[in-house]
Amino acid sequence: MAHRVGMEVSIAISHAVQMCRAEAIAAYPITPQTHIVEHLSSMVANGELDAEFVNVESEHSAMSTCIGMSATGARTYTATSSQGLALMNEILFITSALRLPIVMTVANRALSGPLSIWNDHGDIMAARDIGWIQIFVENGQEAFDHSVMAFKIAENHQVLLPTIINLDGFILSHVVEAMEFPDQELVDKFLPPYHPRYSLDPAKPVTMGAFAMPEVYTECKMGHQMALTGAYEHILQVWKEWGDLTGRHYQPVEKYRTEGAKTLLLTMGCLSEVAEVAVDEMRESGLEVGLLKLRMWRPFPFADLRSAVAGAKHVIVCDRALSLGGAAPPVLAEVRSALYAMRGRPQTSSFVIGLGGRDIAPNAFKEIVAQALEEAQQKPTQEYHIFGVRG
Amino acid sequence: MDKFGYAQSQKFDTYASRLMPREEYFTSGHRSCQGCGEALAVRWVTKAIGKDAIIAHATGCMEIVSSGWPQTAWMHPWIHVAFENTSAVASGIESALKILHRKGKLKGAMPKVVAMGGDGGTTDIGLQSLSGALERGHNFTYFCWDNEAYMNTGIQRSSSTPYGAMTTTSPPGKMSIGQHTQKKNMTAIAVAHGIPYVATASPSYLFDLYYKVRKAIETPGPAYVHVLSVCPTGWRSATDLSVRLGRLAVETAVFPLYEVVNGKYRLTVEPPKIRPVQDYLKPQGRFRHLRDKERALIQKHTQAQYELLLQKCGAAYPEFPVISETEEETE
């Protein structure tokens, strides 16, 4: 029987990894993901998890060691944040190109400089194009569920792609929440032991990581692209299976009170819960506002997004990262591209919120909606607003 | 005669048939330069390693010449990830083998874990991940193919390039004599990690090489083997001189062959009479610009370093070359 627990979300993720019987973990300390790997290392030390835990000397080596582990055939996990993800960057591309089903939690944190340990999405947006499956979660239960599902998605022989579960650093990772944990038997049934398609085995030697001449490089990238976009249906299949087992169903684009909404807020991560409060209040005051929560970031759910905005006049995209000097903040850029070809597409507005741990309360979303609606009457004066910035 | 003609030849049968394995694990058809000492080293090291091994290789000459998709020269399970992280990759392989063995998913003997990289990938960009892996005590052997510069990218200097050598980024000129720093002592750095086995080796001394590889592979815990790999392309030397240059490096004490077992140094090849360093420098175009002054400095430095090593080994002093006073005076 599933049971209710109350615990810090980071610790819940380490329990999810334990229940998935991860076999190999390599990690390097960085705030705010530390609690996850600390608890995993104590599980290994106490014999509660039969795994090899390697304390590497950098995040670059963490991902490299994970590659060695996964290529040898072990179920492999790691976690990182911010500078750590940035240091891994070179290897992240190779991990996905080698089609190794490593699962990584990213406790999202701002990138330096100036140095900030607090939360935004700058780290993962800088790693947008690494060719991994990338999912955002909103609360502790989602963090747990998606950590389990990530292994099943990644290890599917039709997918074989590394997977990142993004959760907001501190404001989600360090929060104590009530969650429902499934029984070990359920997880074991859901997630069978990992059988690699290829591994480093002297009985069946293979060469991994060969280099590509111009004649084949493009085809390799095309294959990778097809694998990532093709992962979409398998992700949905795994989510459905989990939903049938637990009653918790997930969608690439989650909708909250979107019925008849003319204006839609779009958020990612745990600020979505804050936005829900604001939407409730605005609905009470008669505003036809709804909320879209973008859960699946890679592969980008184009069709889901288009159908979710159908009927709306205005989509207000709340980014938690900047693209300095670029056309638009990262999420807006994707959303606009997705909507561009759509007949009768809604207008878009863009607000960059909550950078480097700047707190966002429900009132902020109300102000954002009010400002966006006001500007919609006029000619837009700027491409996007950095909300709440002091001039 | 089969495709491995050399191994089947009469000479091989006469001298080495009972001593060296005939199996080839680094096969012919790869794209290394003519006279490549490194390819020779890889061929014999992989023979010594034997079949049951997994190899992680850093980006570099040996990776590029051997693994252009869809071909491979490697008969071992082999993985290349990036330049600076091959020790970390090997750490992961070793850890995964341990857990898979513990869980009964891996039957039989544990494969040996081997990491390989060039001098750039070892002494410069890969030093951190190597140090981490040695410190953590993974059961693996690291081979550094030291051709004393970034040959793959076009002969740029590394921290393993010897004093005075000309490279494309340490060119001699009015204001420079070429590489103006001394070669990094990578074996001493490896020894400082307190690992059980460290050695230098050379494909010009095959039996010494073979013995050290076996010892390194069979030693539980981390082992480090530093292999001098003569590079005619980068050293500007004749392609038929590679084996000879490897021997001259030892005979002039520029690259002594020794091993360090649990911190205890031992010279494995002891030339009774050390040849003048000029014998080694002269056939190499990369030293062509040096004047007597710099050659004398190299002679002095080489002897001083060798004496330090002899003291560590507790070995007898050989006969050193006489440095003429006139050369010193010209400084």
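Conventions and cut-offs
Residues numbered from 1 in each chain as written. Chains lettered and ligands numbered in written order. Predicted model: local features only at pLDDT ≥ 70, side-chain atom pairs only at ≥ 80, totals over all residues. Domains from an automatic or database assignment. Contact = placed C-beta atoms within 7 Å. Helix = DSSP H or I, 4+ residues; strand = E, 2+ residues; numbered from the N terminus. Nonpolar A, V, L, I, M, F, W, Y, C, P; charged D, E, K, R; others polar. Pairing = 2+ DSSP bridges. Expected span 1.5 Å × (residues − 1). Buried ≥ 20, exposed ≤ 12 C-beta atoms within 10 Å, placed from the backbone. Arc of directions from axis to C-beta. Core = buried A, V, L, I, M, F, W, Y, C linked by C-beta atoms within 7 Å. Axes fitted to C-alpha atoms, helices over the stretch in contact; angles between N-to-C directions. Bend = angle between axes of the 7 residues up to and from the residue. Parallel < 35°, antiparallel > 145°, perpendicular 65-115°, else oblique. Left-handed = near helix turned anticlockwise from the far one by under 90°.

K.L.:
Just to check I follow, could you spell out the domain arrangement of chain A for this structure?
P.N.:
In many reports, interface size means the accessible area that the parts give up when they come together. Residue and element names in this part refer to chain A. As far as domains go, chain A holds domain 1 (3-246) and domain 2 (253-386). If you average the C-alpha positions of domain 1 and of domain 2, the two centres end up 28 Å apart. Listed as interface residues are 26 residues of domain 1 and, on the opposing side, 19 residues of domain 2. Broken down by element, the side of domain 1 that touches domain 2 gets its largest block of residues, five residues, from helix H8 (residues 214-246). Of the residues belonging to the side of domain 1 that touches domain 2, the class tally is 13 nonpolar, nine polar and four charged.

K.L.:
So what exactly am I meant to see when it comes to the interface of chain A and chain B here?
P.N.:
At the interface, 38 residues of chain A touch 39 residues of chain B. With 10 residues, helix H3 (residues 59-72) of chain A is the largest single contributor of residues to the side of chain A that touches chain B. For the side of chain A that touches chain B, a count of residues per class yields 22 nonpolar, 10 polar and six charged. Pairing of strand E9 (residues 207-208) of chain A with strand E2 (residues 78-80) of chain B, which is carried by two bridges, proceeds in the parallel orientation. What sits directly across from methionine 208 of chain A, in E2 of chain B, is isoleucine 79 of chain B.

K.L.:
How should I be thinking about helix H13 (residues 292-313) of chain B in this particular structure?
P.N.:
Every α-helix winds through 3.6 residues per turn, so residues three or four apart in the chain are directed the same way. All names here are of chain B. Taking 1.5 Å per residue, 22 residues should reach 32 Å; H13 reaches 31 Å between its end C-alpha atoms and fits that length. Turning to H13, its buried residues number three or more, namely Ala296, Ile298, Gln299, Thr302 and Tyr306. Down the axis, H13 shows its buried residues gathered within 155° of arc, on one side only. H13 presents Ala304, Leu308 and Gln311 as exposed residues on the side facing more than 90 degrees away from its buried surface. One or two steps after H13, the chain reaches glycine 314, where phi turns positive at roughly 65°.

K.L.:
Help me out: how do you make sense of the environment of histidine 76 of chain B in this one?
P.N.:
Topologically, histidine 76 of chain B is positioned in the loop between helix H4 (61-66) and E2. C-alpha of histidine 76 of chain B to C-alpha of phenylalanine 140 of chain B: the two residues are 64 residues apart in sequence and 15 Å apart in space. Beyond its immediate sequence surroundings of up to four residues, histidine 76 of chain B is in contact with Pro202 and Pro205 of chain A together with Tyr25, Thr46, Ala53, Ile54 and Ile55 of chain B.

K.L.:
Explain the nonpolar core here, please?
P.N.:
Core analysis: the biggest nonpolar cluster contains 210 residues, and Leu264, Leu265, Leu266 and Ile316 of chain A together with Val114 of chain B have the highest contact counts within it. Residue assignment places this core across two domains, with domain 1 (3-246) and domain 2 (253-386) of chain A each supplying three or more. In this structure, leucine 266 of chain A is in contact with Leu292, Leu294, Val315, Ile316, Val317, Cys318 and Val335 of chain A, ignoring residues within four places of it in sequence.

K.L.:
Explanation requested: the sheet that holds strand E16 (residues 385-386) of chain A in the structure shown.
P.N.:
Two pairing modes exist for strands in a sheet, parallel and antiparallel, and in both the strands are linked by backbone hydrogen bonds. Residue and element names in this part refer to chain A. An order of E10-E12-E11-E14-E15-E16 is seen for the six strands of this open sheet, with the pairing classed as mixed. Sheet topology places strand E10 (253-256) and E16 at the edges, where each strand pairs with a single neighbour. Across four bridges, the pairing between E10 and strand E12 (residues 289-294) is antiparallel. Opposite tyrosine 256, over in E12, you have leucine 291 as the bridge partner. In the packing of helix H9 (residues 271-284) onto the sheet, the strands contacted are E10, strand E11 (263-267) and E12, and the crossing angle to E12 comes to about 165°. Along the sheet, helix H10 (residues 302-309) makes contact with E10, E11, E12 and strand E14 (314-319), crossing E10 at roughly 15°.

K.L.:
Whenever I open this one, helix H6 (residues 140-155) of chain A confuses me. Can you help?
P.N.:
Residues and elements named next belong to chain A. Under the 1.5 Å per step criterion, the end-to-end length of H6 is 23 Å for 16 residues, consistent within 8% with the ideal 22 Å. Taken as a whole, H6 carries its principal kink of about 25° at methionine 149. Counting buried positions along H6 yields 15 of 16 residues, so the element is predominantly enclosed.

K.L.:
What should I look at first to understand the packing of H9 of chain A against helix H12 (residues 362-377) of chain A in this one?
P.N.:
The geometry of a pair of packed helices is captured by two quantities: the angle between their axes and the separation between those axes. Residues and elements named next belong to chain A. Two elements in contact, H9 and H12, have axes separated by 8 Å at closest approach and are oriented at 60°. One element, H9, and the other, H12, form an angle in the oblique class. Seen from above, H9 lies across H12 with right-handed handedness. Seen from H9, the contacting residues are Val274, Ala275, Val277, Ala278, Glu281 and Met282; seen from H12, they are Pro362, Phe365, Lys366 and Val369. When its residues are assigned to classes, the contact of H9 with H12 shows eight nonpolar, no polar and two charged.

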